[in-house]
Amino acid sequence: MDDKTAKPDLSGQCGQVQCSESVTPTDLSFEELRNKFDTSATHALVRREIASKPSTHGSATRQVVSGKIFKKCKSATFQIDGATYTIVASPPGGAGAPREEAPRPPPLPTPRNGTPPKQGALTIVRRSSSRSKTESCSTPTDEQLDQLDLETEHLPAVDTPDACDKAALRLRYLLRQLNRGEISAETLQKNLQYAAKVLEAVYIDETKPAVARQQSAPTLVFRRLADEDDELSEVQPDAVPPEVREWLASTFTRQLATAKRKSDEKPKFRSVAHAIRAGIFVDRIYRRVTSTALMQFPQDVVRVLKTLDEWSFDVFTLHEASNGQPVKYLGYELLNRYGMIHKFKVPPTILENFLGRIEEGYCRFHNPYHNNLHAADVAQTVHYMLCQTGLMNWLSDLEIFATLVAAVVHDYEHTGTTNNFHVMSGSDTALLYNDRAVLENHHISAAFRLMREEEYNILQNLSRDEFREFRTLVIDMVLATDMSFHFQQLKNMRSLLSLAEPTIDKSKATSLVLHCCDISHPAKRWDLHHRWTMSLLDEFFLQGDKERDLGLPFSPLCDRNNTLVAESQIGFIEFIVEPSMGVCADMLECILGPLHSGNKSGTNAATEPTIDENSGAESVNKFKIRKPWITCLSDNKKIWKEQATKDAEARANQEQEENIEVQPPPEE
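Counting restarts for each chain: residues are numbered from 1 in the order of the written sequence. Whole-chain, interface and lining totals are the exception, using all residues; otherwise, since this is a predicted model, local features are given only for residues with pLDDT of at least 70 and side-chain atom pairs are given and counted only at 80 or more. Heavy atoms from the whole structure form the basis of all side-chain values; hydrogens and water molecules are not counted.

## A look at the overall build of the protein
Line of reasoning, step 1. A count of helical and extended segments in the protein gives 23 helices and 9 strands.
Line of reasoning, step 2. Accessibility here uses a 1.4 Å probe with only protein chains present; expressed as a share of the type maximum, an area under 20% marks a residue as buried, one over 50% as exposed, and anything in between as partly exposed. When burial is assessed residue by residue, the protein has 50% of its 668 residues classed as buried.
Line of reasoning, step 3. Residues are treated as being in contact if the distance between any of their heavy atoms lies within 4.5 Å. Long-range pairs, those at least 24 residues apart, make up 75% of the contacts in the protein between residues at least 6 apart in sequence.
Line of reasoning, step 4. All accessibility values rest on the Shrake-Rupley procedure with a 1.4 Å probe; residue burial counts only the protein chains present in the view. As displayed, the protein has an accessible area near 33,400 Å², and 50% of this comes from carbon and sulfur atoms. Going along the chain from the N terminus, every DSSP run of H or I of four or more residues is numbered as a helix, and every run of E of two or more is numbered as a strand.

This is the structure in structure tokens:
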């Protein structure tokens, strides 16, 4: 698996963090405690002193920093491989230092897309442990599991330290009970939902490893946590008080100006997972109060979005539940679900404004088909491809971000007419883009022009390199939705897949995925597909009316008096959609096969065993994704063929009646 998607295991039971709010005098001063942590010779002594009195370091105060009121816990106690530590959040000057002049966060050396970030770094470094590598957290005994109560009413909140341990214990118990067949479906569902929420609460941000910079000021960086032997693990907060951040940086990081240690004296944690958990809970103490509230969703929208992971998601129901704003809620949900809002520091209000304007652009020309419903449908289908096939594990965070945004804006300000109509009618848009991918160029250009405005700039916190990569990816993906590139795109991918060891470019892969999702409605459930077909034909017929008025020849399927609906859909399925989905599936299996074979934890839920055609034996080695579109395409094509037969009979009967009417009366 790509190191950009490797996620640390947070399911262990070690590493509990507790924030104490009792006002108790400390036995060690701030300077004494810090010196003991910094000096390796006294490291073991400090551990014993803190472990013997775990509650002696803590108080809660309220303080104003940068005009914001937050609740600051002065200490947090956590366990790492059996040893207990305490992070003391006293000011650098000691417990009695004045609080009026809290240090401000130092400016970052590199501005992000023209807007300097407001945060410094929060970094946690692993400290060495004297325990052997073979020693690990204890596993609950059968007697402990037998005493477990599976009721979920009185469980701790999912973002508290106890929640991880409770969830881990319950999962072990559920596994045992499933093997015995002694658990009800309702109890299983409730406990799995609780465990899933706990995992979401402790989700770790992952981006590209930041290059170390030689500056004295703490730097805002992310660090990917690939294994437990990494020397440095960095966790980035959204809202940590400056003095706490500065102390953590000087104590637990390798900042040259503040941490004056020799290289051989750098402290290390034995387990990355435990150190990360400690950092997360310290981070969440402050983030809960100071982070900006996310957009509120109506209950009807929440109910509909529960089916967001289904292939045949009903976007029409979402349109009704959202009062005609499916792009706003679905786009926001996807970007939040994939962690893009937090990872790329997208201000929630800015994102809401951006999605609102995108929705307005889709509704500008009142198109029957290329409207906000279509945008939401394509975005949801892209989500299915990313999530349910496992494609997201192959892509970086920035590539996922670009793919989701490209899906949302791919038909922005569509005019309801084809590129051919713009060229034949000599529209201003065709003149601007020289008759080449007229609409697709406009969708991209208009979307990026919108994001140049401050109140809609969801990319304001990207670095210049990130912005360039993001823009290139979006341009490539949206241009690939031009149907004039369809056959060449499939031909190129087939040729690539025919190689012994194909190397697939990520831009080409995501472009093909978006293109297939754009034309995927015939591969959805019949009631959805039929509704989309009627809307598309309405749009084509309206274009045909304009062509007739302008004296232009009718474009294919645009003459409302001479279009064979059933036959056209059969041809569209057989020659366009089925081949496209087949090539896309082959590409995904080629890409994800190596990732799947390297996964030792078990079979991916999005895969299925295959049958060897020669031996008839089941092959578990060949990776295959699930393809729900195959059944839908087959069913829809069968219905259209039945409809075509009926239509042909109706036309034949009509022609026969017309012939009878025009026959001259017999001569007397």
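## Thoughts on the layout of surface pockets
Line of reasoning, step 1. Using a 1 Å grid laid over the protein atoms alone, points where a 1.4 Å probe fits but cannot get out form a cavity; open sets with protein on both sides within 12 Å along at least 5 of 7 lines form a pocket; any residue with an atom within 4 Å of a point counts as lining. Grid points are joined across faces, edges and corners, and a volume is the space filled by probe spheres set on the points. When its volume is computed, the second largest pocket comes out at roughly 820 Å³.
Line of reasoning, step 2. In terms of lining, the second largest pocket is formed by 32 residues, of which the most central are His370, Thr418, Met483, Leu536 and Phe540.
Line of reasoning, step 3. Looking at the lining of the second largest pocket, the elements that each hand over two or more residues are α15 (419–425), α17 (438–451), α21 (526–550) and α22 (565–597).
Line of reasoning, step 4. The greatest single-element share of the lining of the second largest pocket, amounting to 5 residues, is contributed by α21.
Line of reasoning, step 5. The residue makeup of the lining of the second largest pocket, split by class, is 11 nonpolar, 16 polar and 5 charged. Under this grouping Gly is polar, as are all residues other than the nonpolar Ala, Val, Leu, Ile, Met, Phe, Trp, Tyr, Cys and Pro and the charged Asp, Glu, Lys and Arg.

## Digging into the UniProt feature "binding site: AMP" (unreviewed entry) in the protein
Line of reasoning, step 1. UniProt positions are given in the numbering used here, feature names are shortened, and annotations may be inferred rather than shown by experiment. The UniProt record marks His370, Asn371, Asn372, Leu373, His374, Asp411, Asp518 and Gln569 with the feature "binding site: AMP" (unreviewed entry), using the residue numbering of this structure. Lining the second largest pocket, from the residues just named, are His370, His374, Asp411, Asp518 and Gln569.
Line of reasoning, step 2. Among the structural elements, His370 can be located in the loop between α12 (348–362) and α13 (372–387).
Line of reasoning, step 3. In contact with His370, not counting residues within four places along its chain, are Tyr362, Asp411, His414, Leu536 and Glu539.

## Describing the side chain of Ser507
Line of reasoning, step 1. For Ser507, the location among the structural elements is in helix α20 (residues 506–518).
Line of reasoning, step 2. Take Ser507: its relative accessible area is 14%, and that puts it in the buried class.
Line of reasoning, step 3. The residues touching Ser507, leaving out its near neighbours within four places in the chain, are Leu473 and Asp476.

## A closer look at α17
Line of reasoning, step 1. Every helix has an expected span of 1.5 Å times one less than the residues it contains. Its 14 residues place the ends of α17 20 Å apart at the C-alpha level, agreeing with the 20 Å of an ideal helix rising 1.5 Å per residue.
Line of reasoning, step 2. Within α17, 11 of the 14 residues are buried, which leaves the element mostly enclosed by the surrounding structure.
Line of reasoning, step 3. The complete set of buried residues in α17 reads Val438, Leu439, Glu440, His442, His443, Ile444, Ala446, Ala447, Phe448, Leu450 and Met451.
Line of reasoning, step 4. On the buried face of α17, the contacting elements are α12, α14 (397–409), α15, α16 (428–432) and α18 (464–479).

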